Amino acid sequence: MMSLFGKGMLLTFTDVSARDERDYNEWYNREHIDDRVNLPGFHRGRRYAAVRGKPKYLAVYECDTVAILGTPNYLQTLDHQTPWSQRVMARFTHFTRLTLRIHVDQTHGAGAALATVRFVPDPHRRKALVQWLSEQALPKLTARPGVMGAAVGENDLEVVHAPLQDKSMDHPRADESEWVVLLEGSDVSAVGAAARSLFTISRLKSFGVETAPTFGTYKFLFGNQR
């Protein structure tokens, strides 16, 4: 079974206005993913467009560890963007950045579809949540037709706030450790249905989740790796 390329992951959820989409997509495909994948500790970058859910675009970057995303060398790249990057990023209408410490990796290759489930559990229930996900929830979901693998990460607050402290990026400060489940597969409707079938608020309440999870379903657009 092929696993993720590392124990760290960067997720970015972005959106732009319709008039800026062509330039945005060209920039992402021709410059930005390559720039990020070639950074020390980075191995693969993939981007997706939403079929269901907002914002419209999601990018997933796999790296050795989550700590890489808070190092001075990495933060320096955020402070020295190319002219094309500066132009495109100034036009973002939405930007959310999550730096994930991977807790569960049951991935199996690369699929054409991805579903995301985002929620905030009680930190004291972390061990029980990881056990349930790895031993019960994810094996059950990845056995379904069209669902090929899954991974789970927790947003590392210290790392995600590093750009804020470095003043190289302006974004809202997170106060709670958000978790993200990623279901990967060959069929968009299959991964979306699988995510919604299991991750209900009633099922997650035992892990201290008080607000209904946020779902997104995405189709693969482009990726690169080294």
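Values in this document were obtained by computation on a predicted structure and should not be read as measured data.

A. Seen up close, the overall build of the chain. From N to C terminus, the chain includes eight helices and eight strands. Its C-alpha atoms give the chain a radius of gyration of 17 Å, near enough to 17 Å, the size a compact globule of 226 residues would have. If you line up the chain on its principal axes, its C-alpha atoms span 45 × 35 × 30 Å. By the burial criterion, 51% of the 226 residues in the chain qualify as buried. Sequence separation of at least 24 residues holds for 81% of the intrachain contacts in the chain that already meet a minimum separation of 6. Across the chain, the centroid of the 28 positively charged side chains sits 5 Å from that of the 25 negatively charged ones.

B. Quick peek at the sheet that holds strand 1 (residues 8-16). An order of 1-3-2-8-5-7-6-4 is seen for the eight strands of this closed barrel, with the pairing classed as antiparallel. Across this sheet, the average inter-strand angle for adjacent strands is 35°, counted without regard to direction. Bridge count for strand 1 against strand 4 (residues 92-106) is nine bridges, and the pairing is antiparallel. Bridging from a neighbouring strand, Thr12 pairs with Arg97 of strand 4. Each of strand 1, strand 2 (42-52), strand 3 (57-63), strand 4 and strand 8 (214-225) touches helix 1 (residues 21-37); the most contacted strand, strand 2, lies at about 155° to it. Helix-sheet contacts for helix 7 (residues 188-198) involve strand 2, strand 5 (113-119), strand 6 (147-155), strand 7 (179-185) and strand 8, and the interaxial angle to strand 8 is about 135°.

C. Broad picture of the packing of aromatic side chains. Taken as a whole and judged by the stated rule, the model has 13 aromatic pairs. Their ring planes at 85° and their centres at 6.0 Å tell us that Trp132 and Phe199 sit as a pair that is edge-to-face. In this pair, Trp132 sits in helix 4 (residues 126-142) while Phe199 sits in the loop between helix 7 and helix 8 (201-204), placing the two residues 67 residues apart along the sequence. Grouping residues by exposure puts Trp132 and Phe199 together as buried. Note on Trp132 and Phe207: the rings are 5.3 Å apart at their centroids and 35° apart in plane angle, and the pair reads as tilted. Here Trp132, found in helix 4, pairs with Phe207, found in the loop between helix 8 and strand 8; they are 75 residues apart in sequence, far enough to count as distant. Across this residue pair, the class does not change: Trp132 and Phe207 are buried. Members of the aromatic cluster, each reached through a chain of ring pairs, are Tyr24, Trp27, Tyr28, Tyr57, Phe92 and Phe95.

D. Expanded view of the nonpolar core. Formed by 27 residues in total, the largest nonpolar core has its most connected members in Phe119, Trp132, Leu133, Leu138, Val181, Leu183 and Phe199. A total of seven residues in this core trace back to one element, the largest contributor, which is helix 4. When sequence neighbours within four positions are dropped, the list of residues in contact with Phe119 reads Leu129, Ser177, Glu178, Trp179, Val181, Leu204, Val209 and Pro213. Judged by nonpolar contacts, the second largest core, of 24 residues, contains Tyr24, Tyr28, Leu69 and Val88.

E. Seen up close, the environment of Gln106. Counting through the fold element by element, Gln106 comes out in strand 4. Measuring from C-alpha to C-alpha, the distance between Gln106 and Arg44 comes to 17 Å, with 62 residues separating the pair along the chain. Polar side-chain contacts of Gln106 include one of 2.9 Å to the backbone oxygen of Ser134.

F. Just the side chain of His161, in detail. By the secondary structure assignment, His161 is in the loop between helix 5 (157-160) and helix 6 (162-166). Within the structure, His161 has its side chain in polar contact with the backbone oxygen of Leu157 (distance 3.1 Å).

G. Representation of the pattern of salt bridges within the structure. Enumeration according to the criterion identifies 11 salt bridges in this entry. Ionic pairing is found between Arg44 and Glu62, a salt bridge with its closest N-O pair at 2.8 Å. Of this pair, Arg44 sits in strand 2 while Glu62 sits in strand 3; the two residues are 18 residues apart in sequence, bridging distant segments of the chain. Arg44 sits in the buried class, given a relative accessible area of 4%. The salt bridge involving Arg46 is made with Glu184; its shortest N-O contact spans 2.4 Å. With Arg46 in strand 2 and Glu184 in strand 7, this pair connects stretches of sequence that are 138 residues apart. Using a relative accessible area of 5% as the deciding quantity, one classes Arg46 as buried. Because the salt bridges share partners, they merge into one network encompassing Asp20, Asp23, Arg87 and Arg91.

Basis of the calculations
Residues numbered from 1 in each chain as written. Predicted model: local features only at pLDDT ≥ 70, side-chain atom pairs only at ≥ 80, totals over all residues. Heavy atoms only, no water. Helix = DSSP H or I, 4+ residues; strand = E, 2+ residues; numbered from the N terminus. Rg over C-alpha atoms; globule rule 2.2 N^0.38 Å. Buried < 20%, exposed > 50% of the residue type's maximum accessible area, 1.4 Å probe, protein only. Contact = heavy atoms within 4.5 Å. Lys, Arg positive; Asp, Glu negative; His and termini not counted. Charge placed at Lys NZ, Arg CZ, Asp CG, Glu CD. Pairing = 2+ DSSP bridges. Axes fitted to C-alpha atoms, helices over the stretch in contact; angles between N-to-C directions. Phe/Tyr/Trp six-rings, centres within 6.5 Å; stacked < 30°, edge-to-face > 60°. Core = buried A, V, L, I, M, F, W, Y, C linked by side-chain atoms within 4.5 Å. Polar contact = N/O pair within 3.5 Å; in protein donor to acceptor, adjacent residues only side chain to side chain. Salt bridge = Lys/Arg side-chain N within 4 Å of Asp/Glu carboxyl O.

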